[in-house]
Number of protein chains: 2
Amino acid sequence: MATANVRDVAALAGVSVGTVSNVLNQSKPVAPDTAKRVLDAIDKLGFIRNDAARQLRVGQSRTVGIMVLDVSNPFFTDIARGVEDTLTTFNRSLILGNSGESASRELSYLDLFEEQRVAGLLITPVGNVLTRLERLRERGSPVVLVDRHENARSFSSVSVDDYRGGQIAAEHLLEVGRTRIAFVGGPRAVLQVAQRSGGAQDAIREHGAVPLRILELDSMRADAGRVGAEQLLALPPAERPDAVFAANDLIALGVLQALTHAGARVPDDIAIIGYDDIYFAANAAIPISSIRQPAWEMGRTATELLMAEIDAPRSTDFRHVVFQPELIVRESTSRP
Amino acid sequence: MATANVRDVAALAGVSVGTVSNVLNQSKPVAPDTAKRVLDAIDKLGFIRNDAARQLRVGQSRTVGIMVLDVSNPFFTDIARGVEDTLTTFNRSLILGNSGESASRELSYLDLFEEQRVAGLLITPVGNVLTRLERLRERGSPVVLVDRHENARSFSSVSVDDYRGGQIAAEHLLEVGRTRIAFVGGPRAVLQVAQRSGGAQDAIREHGAVPLRILELDSMRADAGRVGAEQLLALPPAERPDAVFAANDLIALGVLQALTHAGARVPDDIAIIGYDDIYFAANAAIPISSIRQPAWEMGRTATELLMAEIDAPRSTDFRHVVFQPELIVRESTSRP
DNA sequence: GGCCATCGGTAAAACGATTCAATACACGAC
DNA sequence: GTCGTGTATTGAATCGTTTTACCGATGGCC
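Chain A goes by Transcriptional regulator, LacI family in an unreviewed UniProt entry, where it is assigned to Herbiconiux ginsengi.

So this is what it looks like as structure tokens:
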């Protein structure tokens, strides 16, 4: 019933506990036949190392924490998968927290991570937690910011060039001959939204006569897309846009639904391009063009930055990896 | 740099470490002003309890493990959210593992959970791990099965009546006047698929003349749906079904895409009903009818069963909660 | 006044791994 | 025969909590 411990293993193998530990961690050479006796004993007893004891002694855990904004958004689960896959190659594990954009949940997860003495933390912060994160780092848990680099030069980070992504999207719409473009976005306070629309605006401005209508909505989900599309459909025909750039793919899906419902043809009447390139954009009824963010690779890179800081603590050169977005063309923006 | 510990707190507050512990855990009454001195000291030092030490002493962690089949399937993240929300009310936290349907990943996560001495485990098993789970339970970590109750009467479980779900879906298609129905499913080896199609088959058989065509595909994702739909479209018009029952919503989305691409009208030419009722079914270009599984509630109930077992260990009455699926009617199956 | 509870609090003994200084042993070299 | 060198192993100390046995003081009761 009570789980076997190193002492039991040592007794059965006829060695000391130190030797068992050496076998377990390969920290010192152990004679082959001794090692075999120990391994046999471990096997016979079904011994499983007590990680709490190990952690207490070593002072740090082997798990890494990640805090995401929204587990139900595939973009974030893709990042998490990249992190998880990479961590397993480092022989470490992951504990996942979901802030759900709530600052108080974020704080309670930070407490948890700190109690656990996580080896490191990947976070897309929602509240104002920078000083808290600095404390975490001072206490031995390095932190890497994911997709939020804003004026936080004192942490390593990975992000995507959202301004450029906005440019690319707008340029693509112009290239396929669209002349009246609308940006349907979430709250302007979200940095990503502001930069994507800014990039689109600048790209369009270079082309002179084409107007850009910007719709600001209060969410980044499909319902916002539906509301936005309905507003556009209500415009007099002359002002009605012939292309929509959605701030993310969830919104784009909402737009597509509302347009389909109203009988507008996509892309003939109105083209749609989204952002993130989630699975459900590629598999929509009309496959939706999108600006791809390399979510899995972002997860991997963030993890590698974190591992580097874990291995070289108190280093002060923070790296900021900026990924380039990529245009994925699908039917929703094909030439009429 | 080194984080403060109970001894430091005790020294600053002028009490013994035992008292600090009592304040922390409210295990024994502490005089109000003593408690205040302790809390002040904790605050001043920025003390955060070392969970590894606590765990070592208590013998068990305060976190619960959950192992899901596929984090990129919204159905499972919805379950996980239900679990997470419920656990926070019990003041416990969650460590999430993603087996990705791989038996070897599942095993390595089981190792992790056992090293961590998790308080309990929620799992949708993929490999043959029942004896391993029994060991886990014997060592103090109760286990509850999620969505896989198959001949495992020796564990509590939550699941959904898939046979009934299949019936409901087929009955609905008949009710809206469909006469040639196809079931597009994943591998028959997946129990859920077999039961859903079985339920549909029996419901249809009761209605005499209506045939049911069953397509077995090798995945449960959108690509399988596309392939299935193309096979159906290739049939001679007289044999072509006028309704598709997809084994899950991902497949339904693929079907919708292929039909749209081929110019078939949904629901006029072909109706579609899916299974799971994920977010992306409701927000598809043509909102897709679905058989809802109460994912969040399943997560909550599984957690409650687990907590009950944690509080009353070595109990042997295992409960099996079977949820009833619910028909959600949307445009994809409205009457022509 | 003697006895017993009750209340607040203390000190020390766990928990189970890792680590480090110490030692044992073998083997050559001189 | 001694010294040195290297390898293998030992055993005790340690990490930071919780818990248990115990203690002194206070007050109620007969």
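Next, the rest of the story.
A. View of the environment of Ile273 of chain A. All names here are of chain A. For Ile273, the location among the structural elements is in strand β9 (residues 271-276). Taking the relative accessible area as the measure of exposure, Ile273 reaches 0% and is therefore buried. For Ile273 and Pro287, which are 14 residues apart along the polypeptide, the C-alpha to C-alpha distance reads 9.9 Å.

B. A look at the relation of the copies chain B and chain A. The transformation that overlays chain B on chain A combines an axial shift of 0.0 Å with a rotation of 180°, and the residual RMSD is 0.1 Å. Considering both components of the superposition, the chain copies are consistent with a two-fold axis. When the interface residues of chain B are mapped onto chain A, 100% of them are again interface residues, pointing to one common binding face.

C. Seen up close, the protein's contact with DNA strand D. Close to DNA strand D lie 27 residues, the nearest being Ser16, Thr19 and Thr34 of chain A together with Val6 and Arg57 of chain B. Close to the protein, within 4 Å, the atoms of DNA strand D are drawn from sugar and phosphate at a rate of 62%. The side chain of Lys28 of chain A places a nitrogen or oxygen atom 3.2 Å from a base oxygen of DNA strand D. One of the side-chain nitrogen or oxygen atoms of Arg49 of chain B is found 3.5 Å away from a phosphate oxygen of DNA strand D. Elements with a minimum of two residues in the surface near DNA strand D: α2 (17-25) and α4 (51-58) of chain A together with α1 (6-13), α2 (17-25) and α4 (51-58) of chain B. For the surface near DNA strand D, the leading source of residues is α4 of chain B, giving four residues.

D. Looking closely at the interface of chain B and chain A. Opposite the 57 residues of chain B that make contact, chain A presents 58 residues. Together, the buried faces of chain B and chain A total about 4,800 Å²; carbon and sulfur atoms form 51% of this surface. Our enumeration of links across chain B and chain A arrives at six salt bridges. Between Arg49 of chain A and Glu115 of chain B there is a salt bridge whose closest N-O contact spans 3.1 Å.

E. Here's a closer look at the pattern of salt bridges. As enumerated under the stated definition, the model contains 30 salt bridges over all chains in all. A salt bridge links Glu297 of chain A to Arg292 of chain A, with the nearest nitrogen and oxygen atoms 3.6 Å apart. Given a relative accessible area of 26%, Glu297 of chain A falls into the partly exposed group. In this structure Arg292 of chain A comes out as partly exposed when scored by relative accessible area, which is 26%. Between Glu114 of chain B and Arg132 of chain B there is a salt bridge, and its shortest N-O distance comes to 2.9 Å. Of this pair, Glu114 of chain B sits in helix α6 (residues 103-115) while Arg132 of chain B is found in helix α7 (residues 130-138), placing the two residues 18 residues apart along the sequence. The class for Glu114 of chain B is buried, based on a relative accessible area of 4%. When its relative accessible area of 15% is taken as the criterion, Arg132 of chain B is described as buried. Through salt bridges that share partners, Asp111, Glu114, Arg132, Arg135 and Arg139 of chain A make up one connected network.

F. The environment of Ile278 of chain A, seen in detail. Here Ile278 of chain A is to be found in the loop between β9 and α12 (279-282). The spacing of Ile278 of chain A and Ala229 of chain A is 49 residues in sequence and 20 Å in space, taken between C-alpha atoms. Excluding anything up to four places from it in sequence, Ile278 of chain A contacts Asn73, Pro74, Phe75, Asp249 and Leu250 of chain A together with Phe280 of chain B.

G. Broad picture of the sheet that holds strand β8 (residues 243-246) of chain B. Residue and element names in this part refer to chain B. Read from one edge of the open sheet, six strands run β7-β6-β8-β9-β10-β12, paired in mixed fashion. Two strands in the sheet have a free side with no partner beyond their single neighbour: β7 (212-216) and β12 (326-328). Sheet twist, expressed as the average angle between the axes of neighbouring strands with direction ignored, equals 20°. Bridge count between strand β6 (residues 181-185) and β8: four bridges; the pairing is parallel. By the bridge assignment for β8, Ile181 is matched with Ala243. Packing of helix α9 (residues 191-205) onto the sheet brings it into contact with β6, β7, β8 and β9 (271-276), and relative to β7 it is tilted by some 170°.

H. The arrangement of the packing of aromatic side chains in detail. Going through the model one piece at a time under the given rule, you end up with eleven aromatic pairs over all chains. Ring geometry for Tyr279 of chain A versus Phe280 of chain A: centroids 5.3 Å apart, planes at 85°, classification edge-to-face. Looking at Tyr279 of chain A, the relative accessible area reads 26%, which means it is partly exposed. Taking relative accessible area as the criterion, Phe280 of chain A reaches 3% and is therefore assigned buried. Following the ring pairs from residue to residue traces out a cluster consisting of Tyr279 and Phe280 of chain A together with Tyr279 and Phe280 of chain B. Its guanidinium or amino end placed over the ring of Phe155 of chain A, Arg137 of chain A lies 4.3 Å from that ring's centre, counting from NZ or CZ. Its end group placed over the ring of Tyr275 of chain A, Arg196 of chain A keeps NZ or CZ at 3.7 Å from the ring centre.

I. Main features of the protein's contact with DNA strand C. Close to DNA strand C lie 26 residues, the nearest being Asn5, Val6 and Arg57 of chain A together with Thr19 and Thr34 of chain B. The sugar-phosphate backbone supplies 68% of the atoms of DNA strand C found within 4 Å of the protein. Take Thr34 of chain B: an N or O atom from its side chain is 2.3 Å from a phosphate oxygen of DNA strand C. Side-chain polar atom of Arg57 of chain B to a base nitrogen of DNA strand C: 3.0 Å apart, as the coordinates give it. At the level of secondary structure, the elements contributing two or more residues to the surface near DNA strand C comprise α1 (6-13), α2 and α4 of chain A together with α4 of chain B. Classifying every residue of the surface near DNA strand C gives eleven nonpolar, eight polar and seven charged.

J. Focus on the sheet that holds strand β1 (residues 63-68) of chain A. Residue and element names in this part refer to chain A. Sheet architecture is open: six strands sit in the order β2-β1-β3-β4-β5-β11, paired in parallel fashion. Strands with a single pairing partner mark the edges of an open sheet, and in this sheet they are β2 (93-98) and β11 (320-323). Within this sheet the neighbouring strands show an average axis-to-axis angle of 15°, counted without direction. Pairing of strand β4 (residues 143-146) with strand β5 (residues 156-160) involves three bridges; the strand directions are parallel. By the bridge assignment for β5, Leu145 is matched with Ser157.

K. Spotlight on the side chain of Thr301 of chain B. Within the secondary structure, Thr301 of chain B is located in helix α13 (residues 295-311). We classify Thr301 of chain B as buried; its relative accessible area is 12%.

L. Inspection of the packing of α4 of chain A against α4 of chain B at higher detail. Where α4 of chain A contacts α4 of chain B, the axes come no closer than 8 Å and their chain directions differ by 140°. In this view, α4 of chain A runs oblique relative to α4 of chain B, as classed from their interaxial angle. The two elements α4 of chain A and α4 of chain B meet at a crossing, and its hand is left-handed. On α4 of chain B, the residues touching Ala52, Ala53, Gln55 and Leu56 of chain A of α4 of chain A are Ala52, Ala53, Gln55 and Leu56 of chain B. Across the contact of α4 of chain A with α4 of chain B, the residue classes break down as six nonpolar, two polar and no charged.

Rules and cut-offs
Residue numbering note: each chain is counted from 1, following its sequence as written. Each chain gets a letter, beginning with A, and each ligand a number, beginning with 1, in the order they are written. Where totals are concerned, whole chains, interfaces and linings use all residues; where local detail is concerned, this predicted model gives features only for residues with pLDDT of at least 70, and gives and counts side-chain atom pairs only at 80 or more. Water and hydrogen atoms were dropped before computing side-chain values, which therefore reflect all heavy atoms in the structure. For the purposes of this entry, the term helix denotes a DSSP run of H or I that reaches at least four residues, the term strand denotes a run of E that reaches at least two, and both are numbered from the N terminus. Each residue's exposure class comes from its accessible area (1.4 Å probe, protein chains only) as a fraction of the maximum for that residue type: buried when under 20%, exposed when over 50%, partly exposed otherwise. Fitting of the copies onto one another was done by least squares over C-alpha atoms, counting residues only where both copies have pLDDT of at least 70. In what follows, residue pairs with any heavy atoms lying within 4.5 Å of each other are defined as contacts. Here, proximity means that at least one heavy atom of the residue falls within 4 Å of the molecule or strand. Polar contacts, as counted here, are pairs of nitrogen or oxygen atoms within 3.5 Å of one another; within protein the pair requires one atom able to donate a hydrogen and one able to accept it, and residues that are adjacent in sequence qualify only if both atoms are side-chain atoms. Values labelled buried area give the accessible surface lost by two parts on being combined, using a 1.4 Å probe and summing over both. We define a salt bridge as a contact between a side-chain nitrogen of Lys or Arg and a carboxyl oxygen of Asp or Glu at a distance within 4 Å. When DSSP finds two or more bridges between two strands, those strands count as paired. Lines fitted to C-alpha atoms define the axes, with helix axes restricted to the stretch in contact, and inter-axis angles between N-to-C directions lie between 0 and 180 degrees. Only centres within 6.5 Å qualify two rings of Phe, Tyr or Trp (six-membered ring in Trp) as a pair; their planes then separate them into stacked at under 30 degrees, edge-to-face at over 60, and tilted for everything else. Definition used: whenever NZ (Lys) or CZ (Arg) falls within 6 Å of the ring centre and also within 35 degrees of the ring normal, the charge is taken to sit over that ring. We call Asp, Glu, Lys and Arg charged. Ala, Val, Leu, Ile, Met, Phe, Trp, Tyr, Cys and Pro are nonpolar, and the rest, Gly among them, are polar. An angle below 35 degrees is read as roughly parallel, one above 145 as roughly antiparallel, one from 65 to 115 as roughly perpendicular, and any other as oblique. Handedness of a helix crossing follows the sense of rotation of the near helix relative to the far helix, less than a right angle counterclockwise being left-handed and clockwise being right-handed.

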